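The chain contents come next:
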Amino acid sequence: GRIDLNGIKCEGDLSVTVSTGSARVSGVTCKNFRSDGDTGRLYLGYFEAEEKITVKRSTGDVSFDNCDAAELFIETSTGDVEGTLRSDKVFIVRTDTGDVEVPKTTSGGRCEITTDTGDVTGNLSEAMIFIVSTDTGDISVPQSLIKITQCLYKTMRSLIEDDCSGFLFQFIQNDLLFLLLK
C-alpha cells in the first residue's frame, strides 16, 4: 500500500504504519510523530514535530526534506537515511555496513540514526554535530559542502523570516527556486 499525507496540522501525536509500501508525509506539523514499517520507503518533507520523530523500518529508506523536531530517533535494518533538517543537531550515527557522510559541528538537539546495512548522508542545514562510527565502510566529511550549505541556509532562513506574505515560502515549496539556481 501507499500512504500520502499533505498539509495536516495536528495538535497531538501522529502515527503512520505501513507493513509493505511507501509513506509520503509533507506539510505536516504535530507534537510527536512515529512511523513503523516492515518494507517500504518513508519520505518526510516540510515536516515539523514539536517534540520527537521516531522511525523504525525493517527494510526501506528514510528521507527528510526540510524537517525538524527537538529529538529524532531513526532505525532501519536495511535502508539508507538521508536528508536536511532545519535546526542544529547532535548526531549519533551507527551503521554496521555502510558509508557515513556528515558535517562536523558543535551544538544542537539529539538525533540518533542506526542502520545495520545502509548509508547515512547528511546534507543538513546550519550547524550540526555528529558522532559517527562504522564497522565496515567509509566516513567522510565534505568541508566545502558544509560551508556552502551553512551559508545558503542562513541566507534562505533570513529571506523566509522577512517574507510576511508567504510568497517566497510558496515559491520554494513549488520548486520554482530550482529554476533560479540553474
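Because the structure is a prediction, the values reported are computed rather than measured. (Residues numbered from 1 in each chain as written. Predicted model: local features only at pLDDT ≥ 70, side-chain atom pairs only at ≥ 80, totals over all residues. Heavy atoms only, no water.)

**Q** Whenever I open this one, the packing of aromatic side chains confuses me. Can you help?
**A** Centre-to-centre distance and the angle between the planes together describe a pair of aromatic rings. For the structure on display, the rule yields 1 aromatic pair. For the ring pair Phe33 and Phe47, a centre distance of 4.9 Å and an interplane angle of 70 degrees mean the geometry is edge-to-face. Highlighted residues: Phe33 in strand β4 (residues 29-39) and Phe47 in the loop between β5 (42-45) and β6 (48-59), separated in sequence by 14 residues. There is no split in this pair, since Phe33 and Phe47 are both buried. (Phe/Tyr/Trp six-rings, centres within 6.5 Å; stacked < 30°, edge-to-face > 60°. Helix = DSSP H or I, 4+ residues; strand = E, 2+ residues; numbered from the N terminus. Buried < 20%, exposed > 50% of the residue type's maximum accessible area, 1.4 Å probe, protein only.)

**Q** When you look at the nonpolar core in this model, what are you seeing that I'm missing?
**A** Inside soluble globular proteins, nonpolar side chains tend to come together where they are buried. Phe33, Leu44, Phe47, Ile53 and Phe64 are the most contacted members of the largest nonpolar core, which has 29 residues in total. Setting aside anything within four residues of it in sequence, one finds Phe33 in contact with Leu14, Val16, Val25, Leu44, Phe47, Ala49, Lys52, Ile53 and Thr54. (Core = buried A, V, L, I, M, F, W, Y, C linked by side-chain atoms within 4.5 Å. Contact = heavy atoms within 4.5 Å.)

**Q** What am I meant to see in the side chain of Arg57 here?
**A** With respect to the helices, strands and loops of the structure, Arg57 is situated in strand β6. Nearest to the buried, unbridged Arg57 among oppositely charged side chains is Asp36, at 6.3 Å. At a separation of 3.1 Å, a polar atom in the side chain of Arg57 contacts the side chain of Ser35. Arg57 has contacts with Ala23, Ser35, Asp36, Gly37, Gly40, Arg41, Leu42, Val62, Glu75, Thr76 and Ser77, leaving out every residue within four places of it along the chain. (Lys, Arg positive; Asp, Glu negative; His and termini not counted. Salt bridge = Lys/Arg side-chain N within 4 Å of Asp/Glu carboxyl O. Polar contact = N/O pair within 3.5 Å; in protein donor to acceptor, adjacent residues only side chain to side chain.)

**Q** What is the right way to look at the environment of Gly98 in this model?
**A** Topologically, Gly98 is positioned in the loop between β10 (89-97) and β11 (100-101). With 19 residues separating them in the primary sequence, Gly98 and Thr117 have C-alpha atoms 5.8 Å apart.

**Q** Before we go on, may I ask you to explain the side chain of Thr54 in this structure?
**A** For Thr54, the location among the structural elements is in strand β6. If sequence neighbours within four positions are ignored, Thr54 has contacts with Phe33, Arg34, Ser35 and Phe73.

**Q** How do you make sense of the pattern of salt bridges when you look at a structure like this?
**A** Taken as a whole and judged by the stated rule, the model has 8 salt bridges. Between Asp68 and Lys89 there is a salt bridge whose closest N-O contact spans 2.9 Å. You can see Asp68 sitting in the loop between β7 (62-67) and β8 (71-78) and its partner Lys89 sitting in strand β10, a full 21 residues away along the chain. Across the pair, Lys89 and Asp68 agree in class, each one buried.

The quantities given are spatial measurements derived from coordinates; they are silent on function.
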